[in-house]
Amino acid sequence: GAVVSQHPSWVICKSGTSVKIECRSLDFQATTMFWYRQFPKQSLMLMATSNEGSKATYEQGVEKDKFLINHASLTLSTLTVTSAHPEDSSFYICSARDPGQGNSHYGYTFGSGTRLTVV
Amino acid sequence: LAKTTQPISMDSYEGQEVNITCSHNNIATNDYITWYQQFPSQGPRFIIQGYKTKVTNEVASLFIPADRKSSTLSLPRVSLSDTAVYYCLVRFSGGYNKLIFGAGTRLAVHP
């Protein structure tokens with residue numbers, strides 16, 4: 001089945017630095033990927049939709065200059081948390097849709113997530 | 001996007017059948033109903049999808065009444081490893097639409 005690889009699985013960074021998280025579709029090409037953030041004991045919150053070769057679409061309330069998304073190829077999308085602060089500490093999850101699965105939900109595959117801790 | 005409502009938490013014991021009901025009163029004609037499972041510190045995993053009536057796969061069954069305003073995920077004979085958060089989602093069937101997650105149901109299975 002479709003596999004989405006997310007890297008790193010966890011990262012600790014100092015306040016003020018930037019962190020890049022990668023999301024790769026391993027066995028399919030994904031023109032669209034999604035980025036979510038999840039705080040402890042809460043649900044996934046959609047941050048943005050990443051479109052290959054074009055600008056990402058951000059959800060209301062998500063700072064595009066804070067969370068930079070680049071989808072330069074059909075298999076890779078990156079999320080960069082710029083000037084990270086402790087309140088950015090969260091679990092970040094990406095998802096990609098396999099166009100080969102048609103309209104089925106089988107086509108939405110999630111990465112294993114990245115635990116970001118800003119100290 | 002249709003909003004979903006499900007119980008915040010449920011408790012069960014090993015070997016029991018668990019039914020989690022989700023309400024989606026504003027579901028549209030072209031919407032599908034899908035359920036995901038999430039373990040701590042992992043991404044969600046697809047469980048089952050349906051449009052109407054009953055769908056069954058190797059891990060669960062999904063019951064959808066004729067009016068489609070609710071759906072019930074049924075997990076037969078749960079084990080400790082089924083302890084997780086279960087999310088009910090409603091999604092338009094066409095295109096590359098984003099998945100919006102509700103609060104989910106935190107299921108705890110006890111020995």
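Predicted model only: the values in this text are computed from it and were never measured. The residue count restarts for each chain, going from 1 along the sequence in the order it is written. Each chain is given a letter, starting from A, and each ligand a number, starting from 1, according to the order in which they appear as written. For this predicted model, a pLDDT threshold of at least 70 governs which residues receive local features, and a threshold of 80 or more governs which side-chain atom pairs are given and counted, while totals over whole chains, interfaces and linings are taken from all residues. Hydrogens and waters are ignored; side-chain quantities use all the structure's heavy atoms.

(A) Up close: the environment of Arg106 of chain B. Along the polypeptide, Arg106 of chain B turns up in strand β9 (residues 105-110). Classification of Arg106 of chain B as partly exposed rests on a relative accessible area of 38%. Linking Arg106 of chain B and Ile8 of chain B, residues 98 residues apart in sequence, is a C-alpha distance of 6.1 Å. Residue contacts are defined here by distance: any two heavy atoms, one from each residue, within 4.5 Å place the two residues in contact. Those residues in contact with Arg106 of chain B that sit more than four places away from it in its chain are Lys41 of chain A together with Ile8, Ser9, Met10, Ala84 and Val85 of chain B. Segments assigned H or I by DSSP are reported as helices when at least four residues long, segments assigned E as strands when at least two residues long, and all are numbered from the N terminus. Only protein chains enter the area calculation, which uses a 1.4 Å probe; residues under 20% of their type maximum are buried, those over 50% are exposed, and those in between are partly exposed.

(B) Quick peek at the interface of chain B and chain A. On the chain A side, the residues contacting the 23 residues of chain B number 25 residues. Any carboxyl oxygen of Asp or Glu within 4 Å of a side-chain nitrogen of Lys or Arg constitutes a salt bridge here. Along the contact surface separating chain B from chain A lie 1 salt bridge. Salt-bridge contacts for Lys98 of chain B lead to Glu59 of chain A; the nearest nitrogen and oxygen are separated by 2.9 Å. Throughout this description, a polar contact denotes any pair of N or O atoms lying within 3.5 Å of each other; where both atoms belong to protein, one of them has to be capable of donating a hydrogen while the other can accept it, and for residues adjacent in sequence the pair is counted only when both atoms sit in side chains. Where chain B packs against chain A, one counts 6 residue pairs in polar contact (both at pLDDT 80 or more). Secondary structure elements with two or more residues in the side of chain B that touches chain A: β3 (31-38), β4 (45-50) and β8 (84-92) of chain B. The element best represented in the side of chain B that touches chain A is β3 of chain B, accounting for 3 residues. Within the side of chain B that touches chain A, the residues separate by chemical class into 9 nonpolar, 11 polar and 3 charged. Here the nonpolar group is Ala, Val, Leu, Ile, Met, Phe, Trp, Tyr, Cys and Pro; Asp, Glu, Lys and Arg are the charged ones; every other residue, Gly included, is treated as polar.

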